[in-house]
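Analysis of the macromolecular model
These are the residues of each chain, in order.
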Amino acid sequence: MADATNKGTSSSPYVNFPPVQLAFAILGSKLVSAGVDYAAKKASTNASRLIPSACRRLSWEDLPEGPLHICRASTYYGTHDGCDTFHRYHKAGDECWESTLANIFNRSWSEFEVLSERPKGLMLTEYLETDLKTLMSYVACGVDTFSMHVFSSSAWYTPPEYEARNLDKDNRSFHLRAKDIQIDFKRMPKVAEQEKGHLVAHVTGSFHHYIDGRYDFSDTDAQALKPISLSKADMQCILEGYPPYYRSEYILRGTSTFLPGTAQITLQNPIPTFSDRARGGWVIAVGRTYVTPVAFYVDEEGHHPGGRFPAHIGASMTRVRDVLEKDIAPEFPKGDPWYDDVCAAVAAVNHLLWGKSASDLYRFWPNEGGHHGSIDSLDEGASNAVIALFNRFGPLTAAEKSLVKDHTLAILEVAIRGASTVTEYLKDRAVWLPKWWMDQLGHEPIFLRGCKDE
């Protein structure tokens, strides 16, 4: 009787299920667990909608250190493809920033969500809180610099009356256009005891970047010389006034003209401190690589296309000329086999400084275009030594004399290529971003609106 009563029971704390029931039980528990995880993730994603007093924030301080953008592509299919944000368009919607800023800053957008208190006066519409550094980084990463042209109003536009004294006026509207990107700003009326109204913006248009065909596209590090690959630290430097070509590290890889056994070349930081931006090393780094500049530069004063250079860039170009003329040239007296080439190189850089154009450079540097392969004779050690050479000024050391004698043509060529590349950028494509604008608006929150509130 006792056996009949206890039939089907066990002293084990676990219940014995038939195999089929057990399988369904395990599957059900996993589905419930997955459902809970999904619900939690969904709740986090929509937190700004669930909390009326909060809005999502994507500001400069929220962006993690390291690369601003992560390329999701694993293969390369052509010269104008390969990265997941190759050419994307603004998609109209209440939260249209998901098709613009969220695509460029995809690392931060997918890994972190920061909520901010929604300010008074902006309670009835969905907003994304951001700032000027983040918006200008978006422009830097999303504009194909080589399609810019300073003489085309469709490429870059800021209104002539756009001056510091006008920025804080209520109901003040202005816009910035960078190729296909347009950012419309509006200063809202003051609310309560505000000193000034909130600054609201709307980002539209498309963004475009590409990967250079000179590199091995099976490795996403091939983008290392494009603006889309900029790190937060390097972008910070550019926004503070470093040259638009700046990188703390330049990586060359996969080039067939490398010396045998060389897989990649890494050029170290040519601008260790802010004051070093007026030296010539970064111009040499431009000549040694194919680094792409961002579409703008930040400075106290702008330049005039075909006219004077911005102060610190002009100082760097002058340093390149002075090192060639006053340090290197004396090592090649008249009668030396390289004498004519050294004199021609000095004349070429002088022409770039005074003429502000490389269009007729061949008249001063006959070798231009004919000996580009000589630059690839500079291995990593020699390349970094040449950068250091143009960062200093004065009589050459014994090691520097040996460097110049061993790589004469390569040094002349890399100096001229760097100087001519920077000159052409300033003549045709560079856009001045006033430093006072960054200083005045750089610490102010900007609220991106969607397309609903036109």
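Residues numbered from 1 in each chain as written. Predicted model: local features only at pLDDT ≥ 70, side-chain atom pairs only at ≥ 80, totals over all residues. Heavy atoms only, no water.

1. With respect to the overall build of the protein
The helix and strand tally for the protein stands at 14 helices and 13 strands. Within the span of the protein, comprising 454 residues, buried residues form 51% of the whole. Put simply, of all contacts in the protein between residues at least 6 apart along the chain, 73% involve residues at least 24 apart. Here the protein has roughly 21,400 Å² of accessible surface; of this, 55% comes from carbon and sulfur atoms. (Helix = DSSP H or I, 4+ residues; strand = E, 2+ residues; numbered from the N terminus. Buried < 20%, exposed > 50% of the residue type's maximum accessible area, 1.4 Å probe, protein only. Contact = heavy atoms within 4.5 Å. Areas by Shrake-Rupley, 256 points an atom, 1.4 Å probe, with all protein chains shown as cover.)

2. Quick look at the confidence of the model for the protein
Confidence in the prediction of the protein, expressed as mean pLDDT, is 76, and 70% of residues score 70 or more. Confidence drops under pLDDT 50 across residues 211–222; counting only partners more than four residues distant or on other chains, this segment forms 29 contacts. (pLDDT = per-residue confidence, 0-100.)

3. Some thoughts on the packing of helix 6 (residues 132–142) against helix 7 (residues 232–239)
As a packed pair, helix 6 and helix 7 sit with axes 11 Å apart at the nearest point and diverge in direction by 100°. Relative to helix 7, the element helix 6 is oriented roughly perpendicular. Side by side, helix 6 and helix 7 meet where Lys133, Met136, Ser137, Ala140 and Cys141 of the first sit next to Met235, Gln236 and Leu239 of the second. (Axes fitted to C-alpha atoms, helices over the stretch in contact; angles between N-to-C directions. Parallel < 35°, antiparallel > 145°, perpendicular 65-115°, else oblique.)

4. Examining the packing of aromatic side chains
Here the structure, examined in full by the defined rule, presents 5 aromatic pairs. Each ring, one from tyrosine 245 and one from tryptophan 282, has its centre 6.3 Å from the other, and the planes form 25°; the classification is stacked. Linking tyrosine 245 in the loop between helix 7 and strand 9 (249–253) with tryptophan 282 in helix 8 (residues 281–288), this pair joins segments that are 37 residues apart in sequence. Note on accessibility: tyrosine 245 and tryptophan 282 belong to one class, buried. An aromatic cluster of at least three residues, connected via ring pairs, comprises Tyr242, Tyr246 and Phe274. (Phe/Tyr/Trp six-rings, centres within 6.5 Å; stacked < 30°, edge-to-face > 60°.)

5. Topic: the nonpolar core
Core analysis: the largest hydrophobic core is formed by 103 residues, its most contacted members being Met136, Phe185, Phe296, Leu324, Ile328 and Phe390. Considering every element that reaches this core, the biggest residue donor is helix 13 (residues 408–428), with 11 residues. (Core = buried A, V, L, I, M, F, W, Y, C linked by side-chain atoms within 4.5 Å.)

6. Side note on the side chain of histidine 351
Position of histidine 351 among the secondary structure elements: in helix 10 (residues 339–355). Not counting residues within four places of it along the chain, the set of residues in contact with histidine 351 comprises Lys356, Ser357, Asp360, Leu361 and Phe364.

7. Looking at the pairing of strand 11 (residues 296–299)
Alternating residues of strand 11 divide into Phe296 and Val298 and Tyr297 and Asp299, and every residue in both groups is buried. Note: strand 11 against strand 12 (residues 431–434), 4 bridges, orientation parallel. Paired with aspartate 299 across the two strands is proline 434, which belongs to strand 12. (Pairing = 2+ DSSP bridges.)

8. Quick look at the pattern of salt bridges
The full count for this structure, using the stated rule, is 13 salt bridges. Taken together, the shared-partner salt bridges in this structure form one network comprising Arg57, Glu61 and Asp62. (Salt bridge = Lys/Arg side-chain N within 4 Å of Asp/Glu carboxyl O.)

9. What about the side chain of serine 108?
Within the fold, serine 108 resides in helix 5 (residues 106–111). Its relative accessible area of 5% is what places serine 108 among the buried residues. Excluding residues that lie within four positions of it along the chain, serine 108 makes contacts with Arg56, Leu58, Asp62, Leu63 and Pro64.

10. A word on the environment of glycine 197
Here glycine 197 lies in the loop between strand 7 (181–187) and strand 8 (199–208). On a C-alpha basis, the gap between glycine 197 and lysine 186 in space is 9.3 Å, while along the polypeptide they are 11 residues apart.

11. Side note on unusual backbone geometry
Negative phi is the rule for most residues except glycine; trans is the rule for most peptide bonds. Backbone geometry places lysine 356, a non-glycine residue, at a positive phi of 55°. Residue placement: lysine 356 occurs in the loop between helix 10 and helix 11 (380–391). Look at lysine 356 and you get buried, because its relative accessible area is 12%.

12. Examining the environment of aspartate 322
Relative to the assigned elements, aspartate 322 resides in helix 9 (residues 311–328). Given a relative accessible area of 14%, aspartate 322 falls into the buried group. Residues aspartate 322 and glycine 394, spaced 72 residues apart in sequence, show a C-alpha to C-alpha distance of 9.6 Å. Ignoring sequence-local partners within four residues, the contact set of aspartate 322 consists of Asp327 and Phe393.

13. A short note on helix 7
At 3.6 residues per turn, the α-helix brings residues three or four places apart onto the same side. For helix 7, the buried fraction is high: 7 of the 8 residues fall into the buried class. The set of residues buried in helix 7 consists of Lys232, Asp234, Met235, Gln236, Cys237, Ile238 and Leu239. Structurally, helix 7 contributes buried residues whose contacts are with helix 6, strand 11 and helix 14 (435–441). Positive backbone phi, at 120°, marks glycine 241, one or two positions downstream of helix 7.

14. Notes on the pairing of strand 4 (residues 127–130)
Here strand 4 shows no split at all, with Tyr127 and Glu129 on one side and Leu128 and Thr130 on the other all buried. One ladder, built from 2 bridges, connects strand 1 (residues 54–57) with strand 4; its direction is parallel. When the bridges of strand 4 are listed, arginine 56 appears paired with leucine 128. Pairing geometry for strand 4 and strand 13 (residues 446–449), over 4 bridges, is antiparallel. Its bridge partner lying in strand 13, threonine 130 is registered against isoleucine 446.

15. Focus on the environment of valine 283
Structurally, valine 283 is set in helix 8. C-alpha of valine 283 to C-alpha of proline 270: the two residues are 13 residues apart in sequence and 8.8 Å apart in space. Sequence-distant contacts of valine 283, defined by excluding residues within four places in its chain, comprise Ser316, Met317, Val320, Gly418 and Ala419.

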